[in-house]
Amino acid sequence: MPTRRQFVTTAGAGIAAAVAGCSGNGGSGSGGDMEIMIAWSGGDGATAFEAMHDGFKDEYPDVATTINNNPGGAGTGLATALDTRMFNEDPPSTWGFFTGPQLQPFVDGGLMGSITEDVWEEAGLTEVVPEYLQQMCEFGSTGYVAVPLEFNRLNNLFYNVDVVEEAGVDPTSISSPTELIDAMDTIESETGANGLATSTQGTWVVLQLWESIYVGENGYDSYQSFLEGNVAENEADVKAALEVLAEYRSYWNDDAASVNFSEAISDFMGGEAAFLNQGAWAVGNFSQSDEFNYDTHWQSTPIPGTDDVFMGQNSGFMYPEPQPTPEATKKWLRYVGSKEAQVRFNAIKGGVPCRNDIEMDGSGEYTFNGYQQTQYDEFLAAENLTGTIAHNNEVLPQIASNVSGVFSTFKSNWNVDQAYNGLVDAFDV
Amino acid sequence: MDETNEVSTNDRTTLTGLLGPITRRFRRNEFLQSLPFLLVPTLLLGVFVYGSILWNVVLSLTDFRGFGNPDYSSLDVELYQQMLNDPTFITAAKNTVLLMGGFTAVCLIVGLGLAILIDREIRFEGSLRTVYLLPMSLSFVVTSIFWAWMFNPSNGVVNYLLRTAGLDFLANDWFGDPATQLWAIMIALVWQFSGLAMIIYLAGLRKIPTEQYEAAQLDGAPVWIRYLKVIVPQLKTSTFSAIVILLLFSLKAFDFIYVLYGVNPGPGADILPVMMYREAFDANNWAYGSSIAVVLLLATFAAIVPYLYYQHKKDLL
C-alpha cells in the first residue's frame, strides 16, 4: 500500500507528465519568502498584526515575508487550511493560532521543530514568560515549538454600570456563580434589563461560560483535575456547574439561540442586559462606540469566585517542520517574543502580553488603556493561570471536539445527567 | 557497400509493408485517434476524483487519526461497526434522511404549483418567474443569516406575523429549539430552491402539446382534473430530474448549518456532512471522517443510480 507521500508524488508525477510545463508547489510560499499563516483578517486583529509585522520589517529588512491570510470564524478557516498543509507535510514557515495540546498531534506526527536553543534561550524568554505559558509551548523531549504572543482573559464578568446602579447591585461583592443568580434576579425585578447577555448559537460561548462557572463554584484545583480527565472523581462539582449554567438560562436574552456573540455584545452595550461573560476581545466591540466608555459605562470584574485565577486564551506563533525558511522563521519568532512585538500587538488587539516585564504605562506610540493595565496587574498577581477547552488550550483536539459535542446537546435539552455522562465518555479517546 | 545498401532497402520495404496496414488501421480507428486528447482529462479525473475516492475508502478502513502516516497493514470495517453504535451518527443520519426527503418533497410540490400558476399565461409572467428563481442565486451563507433574522424569536418577521395574526402560541425560537430546528432549516431551503423545481416543471409543461389541453377541455374536464390526469403524468422526466438535483442540493446544506451553528449544531440540526467535517477537521479523526464520507457517497449513489437507470431505459443516455 503506498504511503500518502508516495501517492501524492506519483499523482504529481503523472499529472506533470500529462500536462507538460504546468506544475504547482502545493501552496508553499512564493520562492524563499517566509510564509506566515494567520487568521487575523479584519478589525483589531488585522491592525495589531500589521503593526507587529511592520516592526519586524524595520528590524529585518532583508527577510522577505508572505502573509497567507485565512479568514473564517474563530480561526476555523485557518485550522482547516493548516490541517491540509500539515497532512501533506508541506507546512508554512509559521502560523499564528492557539498553543497548547492542540499542537500535540503535530508534535506526535514529527511535524514540529525545536526552538529551545535558537529562540527561547537566545532571546532569554525562559526568564520572562510565566510558567503556564511556557508549558503551552513546550512538548516533552521535542522542547519548545512555539512562542506565546497574547493572553486574552476569559473569566470576565463585564457589567453595564447604568443597569447595575439602577438595580442597586454591586457586582464586585458577589462571591460565587450561584450568588450571581440572586443578583440577576434583582436586576430583572428592578430594571427592564436581562440578567445576562449571551449567545448559545455557537457551542463555544456556552462552554466558555460553563468553564468559568466551574472554577467559580469549585475552585482551580477541581478544574485542573477535571481537565486531566478525572470527571467521575469530580461528579458533584461537574453537575453543580452544569446546574448553575442551566439556571442562568432564565436570566439571559430569549433570542440567545438565534443570535451570534457579537449581537449579544450589542445587547449588553445597549443596556438590554446587566452582565456579559466574554473574552477580552469584547472590549474591541465596546471601543467602536464613542458612547460606551470604560469605567463610565462598563466595568469588569472576574466571574465571582475566580479572583485568584486568570483563565485565558493563548495564541502564539509556531515552528513547524519540515521548515522551509529556518533562519528567517527563527528571527521572526525571536521578534514575536520581544517586548516590542508584544507591546505593538497587544496594545491594539486588547489582550495582555505574555511577558512579566512589560511597562504598561509607557508613553510610546503603542500604549495600553486603563482596562488593559488593570488586566496586566491581575495577570501578574494571579495565583493560577489556566485556559479553557472552549478555546483548545487545555485538552487534545479529539477531547475538545467530544466536549463541544456534549455541550451542543446540553444547550438543546439542559439535561444535567446526560451531559455529565457525556463528559465522562468525552475524555475516553 | 552495395550489398549493405541492398539489404537495408529490402528491410525498409518489408517494414513499410508491415506498418502500412497498422497505420491505415490507426487512421481509421477513431478511438485510437482520440486517445491523445482523452488522455489528459482521463488522467486528471482518474487521479483527482476516482483515485481520491478510492484512497478515501481505504483510509476509512484504517484507524488513522492525528498526523503522521496511516497504518495500512490492518484494514477492517471496525469504524463502520462503531458508526452503527454511535448515537451521534444515528441522529445525524436520521436528520440527513429527513432533510433530504422532506426538502425534496415540499420543493417538488411548491415548484409544481408555481409552475402551473405561471403556465396559465398570467400577467407579469416573466417577472414572477425571475422573482421565484432569484433566491437560488444567493449563497447559503447569505440565506442562513437572512433567515436567522427572519426566525429571530424576539424581533423576527415570522414571529411578528404570527403574533399579529393572534397565533402567539405558534411563535417559537425556530432556529434555537431542537424540536423545530430542522423544520426551520427545511423551510429556508424550500424558499431558496422551489424556484428551481418551478423552472424544471415549467420546461416540462411547455413541452406538452396544447392539443392535449384542448382535447381535455373539450371533453368538459375541470381544470384540476385536466392537470391531474393529463398533464402531471407527463411530467415524470421533469420530476426525476428535479428530484436528483434537489437531493444533491440537500446534501450540500452543510454551508447553511455551518454558518448558523458552527461544527457542533447539536442533535436537532446535525447532519452527516457537518459530522464528517467535525470528525476530520475539528477532532482530526481522519479515518472516521472518511468512513462518514463513504456513507455520504453511497447516499449520493442511491440518489443518482435510479435516475441513470431510468435514463438508460428510456435510451436518453
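Residues numbered from 1 in each chain as written. Chains lettered and ligands numbered in written order. Predicted model: local features only at pLDDT ≥ 70, side-chain atom pairs only at ≥ 80, totals over all residues. Heavy atoms only, no water.

**Concerning the overall build of chain A**
Working step 1: Helix and strand counts for chain A stand at 19 helices and 13 strands.
Working step 2: Its C-alpha radius of gyration of 23 Å places chain A within 12% of the 22 Å reference for a compact globule of 429 residues.
Working step 3: Structurally, chain A occupies a C-alpha span of about 75 × 55 × 40 Å along its principal axes.
Working step 4: A burial count over chain A gives 59% of its 429 residues as buried.
Working step 5: Pairs at least 24 residues apart make up 76% of the contacts formed inside chain A by residues separated by at least 6 positions.
Working step 6: For chain A, the separation between the mean place of its 15 positive charges and that of its 62 negative charges on side chains is 13 Å. (Helix = DSSP H or I, 4+ residues; strand = E, 2+ residues; numbered from the N terminus. Rg over C-alpha atoms; globule rule 2.2 N^0.38 Å. Buried < 20%, exposed > 50% of the residue type's maximum accessible area, 1.4 Å probe, protein only. Contact = heavy atoms within 4.5 Å. Lys, Arg positive; Asp, Glu negative; His and termini not counted. Charge placed at Lys NZ, Arg CZ, Asp CG, Glu CD.)

**So, the packing of aromatic side chains**
Given two aromatic rings, one states the distance between the centres and the angle between the planes to describe the pair.
Residues and elements named next belong to chain A.
Working step 1: This structure, assessed with the given rule, holds 60 aromatic pairs over all chains.
Working step 2: Residues Trp 204 and Phe 261 carry aromatic rings whose centres are separated by 5.1 Å and whose planes lie at 70 degrees to one another, so their mutual orientation is edge-to-face. You can see Trp 204 sitting in helix 10 (residues 203-218) and its partner Phe 261 sitting in helix 13 (residues 261-269), a full 57 residues away along the chain.
Working step 3: Taking relative accessible area as the criterion, Phe 261 reaches 26% and is therefore assigned partly exposed. (Phe/Tyr/Trp six-rings, centres within 6.5 Å; stacked < 30°, edge-to-face > 60°.)

**A closer look at the confidence of the model for chain A**
All names here are of chain A.
Working step 1: Counting all residues, the mean pLDDT for chain A is 89, and 92% of those residues have values of 70 or more.
Working step 2: Looking across chain A, the model is least confident in helix 1 (residues 4-18), with a mean pLDDT of 49, and most confident in helix 12 (residues 235-248), with 97.
Working step 3: Scored below 50 in pLDDT, residues 14-30 makes 19 contacts in the model with residues more than four places away or belonging to other chains. (pLDDT = per-residue confidence, 0-100.)

**So, the domain arrangement of chain A**
All names here are of chain A.
Working step 1: You can read the domains of chain A as domain 1 (26-153 + 313-386) and domain 2 (163-311 + 391-426).
Working step 2: Distance from the C-alpha centre of domain 1 to the C-alpha centre of domain 2: 28 Å.
Working step 3: Taken together, the 28 residues of domain 1 in the interface contact 27 residues of domain 2.
Working step 4: Carbon and sulfur atoms make up 58% of the area that domain 1 and domain 2 hide from each other, which totals about 2,400 Å².
Working step 5: The largest per-residue losses of area from domain 1 upon contact with domain 2 belong to Arg 153, Tyr 371 and Thr 386, which jointly make up 36% of the total buried on that side.
Working step 6: Along the contact surface separating domain 1 from domain 2 lie 0 salt bridges.
Working step 7: When contributions to the side of domain 1 that touches domain 2 are tallied by element, the ones reaching two or more residues are helix 4 (104-108), helix 7 (131-137), strand 6 (146-153), strand 11 (309-318), helix 17 (370-381) and strand 13 (384-386).
Working step 8: Here the element with the most residues in the side of domain 1 that touches domain 2 is helix 17; it accounts for 6 residues.
Working step 9: Of the residues belonging to the side of domain 1 that touches domain 2, the class tally is 11 nonpolar, 13 polar and 4 charged. (Domains from an automatic or database assignment. Buried area = accessible area lost by both parts, 1.4 Å probe. Salt bridge = Lys/Arg side-chain N within 4 Å of Asp/Glu carboxyl O. Nonpolar A, V, L, I, M, F, W, Y, C, P; charged D, E, K, R; others polar.)

**Re a nonpolar patch on the surface**
Residue and element names in this part refer to chain B.
Working step 1: A grouping of Leu 44, Leu 45, Phe 48, Val 49, Tyr 50, Ile 53 and Val 57 is seen on the molecular surface, where their side chains present a nonpolar patch of about 600 Å² in accessible area.
Working step 2: You can see Tyr 50 is positioned in helix 2 (residues 30-60).
Working step 3: Residue classification places Tyr 50 among the exposed residues on the basis of a relative accessible area of 54%. (Patch = residues over 30% accessible without salt bridge, like charges linked within 9 Å, V, L, I, M, F, W, Y side chains within 5 Å. Areas by Shrake-Rupley, 256 points an atom, 1.4 Å probe, with all protein chains shown as cover.)

**Things to note about the domain arrangement of chain B**
A common way to state how big an interface is: give the accessible area lost once the parts meet.
All names here are of chain B.
Working step 1: Split into domains, chain B comes out as domain 1 (2-60) and domain 2 (78-313).
Working step 2: The C-alpha-based centres of domain 1 and domain 2 are spaced at 48 Å.
Working step 3: Its largest share of buried area at the contact with domain 2, domain 1 owes to Asn 56, Leu 59 and Ser 60, together 78% of the area lost on that side.
Working step 4: On inspection of domain 1 and its partner domain 2, the count reaches 0 salt bridges.
Working step 5: One can count 2 residue pairs in polar contact (both at pLDDT 80 or more) joining domain 1 with domain 2.
Working step 6: Looking at the side of domain 1 that touches domain 2 residue by residue, the classes come out as 3 nonpolar, 2 polar and no charged. (Polar contact = N/O pair within 3.5 Å; in protein donor to acceptor, adjacent residues only side chain to side chain.)

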